[in-house]
Amino acid sequence: MIIQLANRIEEKDKSIINDFLKKAGFVSTEVVTQFQTYLVCIGKNNIDIRSVGNLTGVKDVHVVSDSYKLVSKKWKTDYTKIELGNEIVIGGKQPVIMAGPCSVESEQQIEKIAMHLYKNNVKIMRGGVFKPRSSPYAFRGLGIDGLKMMYGICKPLGIKIITEVMQESQLEAMMPYVDVFQVGARNSQNFNLLDALGQIDKPVLIKRGISGTIEELLHSAEYVFCKGNEKLILCERGIRTFETAYRNTFDINAIQVLKDKSHLPVIADPSHGVGVRSYVSKLALSSLVSGADGVIFEVHEKPEEALSDGQQTLNFAESTELIDKIHVLNSVLI
Ligand code: PEP
Ligand code: MN
């Protein structure tokens, strides 16, 4: 059960509600976000929710049978919209496009890609500076200096930045330069990181774990929400299966399931989802048809020279073609 509390609830009314819940056999957790205060109540007993709804200070009360609560669509039927400024809305009518290199490599590389995005009216650039790599000898990113350089190029063009944070200690230094924090697949269940992201007021995109279930992804989002940050985005990026013909199995089913189970926006990442350049564009389009609120894909001037994930990265011509097709598709879907 989720109880939404009135904005200016008095402490004595809160105590009355908490006593009532305790007597009814519920353990309640108070969640204060940037928008509202909630009581998330866990208990086995059945209760007539009208008896809670009548208490002073209760704005609304909802029965949520899912094990994740605040991210569930059972209590919030309107889908969440996240505004980034500059008329960019994630989860709005228009699907969003986020694109950029796997890794930030150099000033020249970022300038070229930023201009490519600018010309194609793409307003969110991706690019990792802290790179989780399977091998410790692979390129691990330029770190905070790379992020500052990316910001210096993107800011004057009005392009927003999404980049991965790998650990809590990086957050403070990254904060001024990041518009959306990405939690990578390998960190999808790093609960300390999720706790820390719950305490900031910036959007967080959480990728599905490499072998993560849909329910685990929703629980990861719940971790962030219940620490106070409602600005959450879910991302399907493929999972590991027995199939070896491509890098990951892009679970297009997950898009519809997530939209059915949660009110949060869903972004599809076909680049990591399939891991093969020639398949990325069609899967990007398919995911929009399947209900994704947007796509994130990798693009580089010379993918064959990219320091990471070149095999799944589009070149500028392929990227432009995909963006044009996304616009045509949007006009049909809206
Ligand atoms: C990335 O976005 O470059 C990345 C490492 O993604 P994932 O965490 O999905 O592997
Ligand atoms: Mn990558």
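Computed from a predicted structure; not experimentally measured. (Residues numbered from 1 in each chain as written. Chains lettered and ligands numbered in written order. Predicted model: local features only at pLDDT ≥ 70, side-chain atom pairs only at ≥ 80, totals over all residues. Heavy atoms only, no water.)

## Quick word on empty space enclosed by the protein
Empty space left among the atoms is revealed by rolling a probe the size of a water molecule over them.
Move 1: Taken as a whole and assessed by the stated rule, the structure comprises one cavity of 30 Å³ or more.
Move 2: The computed volume of the largest cavity comes to approximately 30 Å³.
Move 3: If you tally residues by element for the lining of the largest cavity, the top one is strand β9 (residues 160-164), at three residues.
Move 4: For the lining of the largest cavity, the class distribution of residues is two nonpolar, four polar and three charged. (1 Å grid on protein atoms, 1.4 Å probe; cavity = no way out; pocket = protein on both sides within 12 Å on 5 of 7 lines; lining within 4 Å. Points joined across faces, edges and corners; volume = space filled by probe spheres on them. Helix = DSSP H or I, 4+ residues; strand = E, 2+ residues; numbered from the N terminus. Nonpolar A, V, L, I, M, F, W, Y, C, P; charged D, E, K, R; others polar.)

## Concerning the domain arrangement of the chain
Move 1: Taken domain by domain, the chain consists of domain 1 (2-62) and domain 2 (82-333).
Move 2: For domain 1 versus domain 2, the separation of C-alpha centres amounts to 36 Å.
Move 3: Across the contact, seven residues belong to domain 1 and nine residues belong to domain 2.
Move 4: With both chains or domains summed, domain 1 and domain 2 bury close to 580 Å², and 52% of this area falls on carbon and sulfur atoms.
Move 5: Taken as a group, Val31, Gln34 and Phe35 account for 64% of the area that domain 1 buries against domain 2, more than any other trio of residues on that side.
Move 6: Along the contact surface separating domain 1 from domain 2 lie zero salt bridges.
Move 7: Summed over the shared surface of domain 1 and domain 2, the result is six residue pairs in polar contact (both at pLDDT 80 or more).
Move 8: Taken together, the residues of the side of domain 1 that touches domain 2 sort by class into four nonpolar, three polar and no charged. (Domains from an automatic or database assignment. Contact = heavy atoms within 4.5 Å. Buried area = accessible area lost by both parts, 1.4 Å probe. Salt bridge = Lys/Arg side-chain N within 4 Å of Asp/Glu carboxyl O. Polar contact = N/O pair within 3.5 Å; in protein donor to acceptor, adjacent residues only side chain to side chain.)

## Quick notes on the site of ligand 1
Move 1: In the vicinity of ligand 1, the residues found are Cys102, Arg126, Lys131, Gln182, Gly184, Ala185, Arg186, Lys207, Arg237, His272 and Glu298.
Move 2: Contact distances for ligand 1 include 3.1 Å between an oxygen atom and a side-chain N or O atom of His272.
Move 3: Taken together, the residues that form the shell around ligand 1 break down as two nonpolar, three polar and six charged. (Near = heavy atom within 4 Å.)

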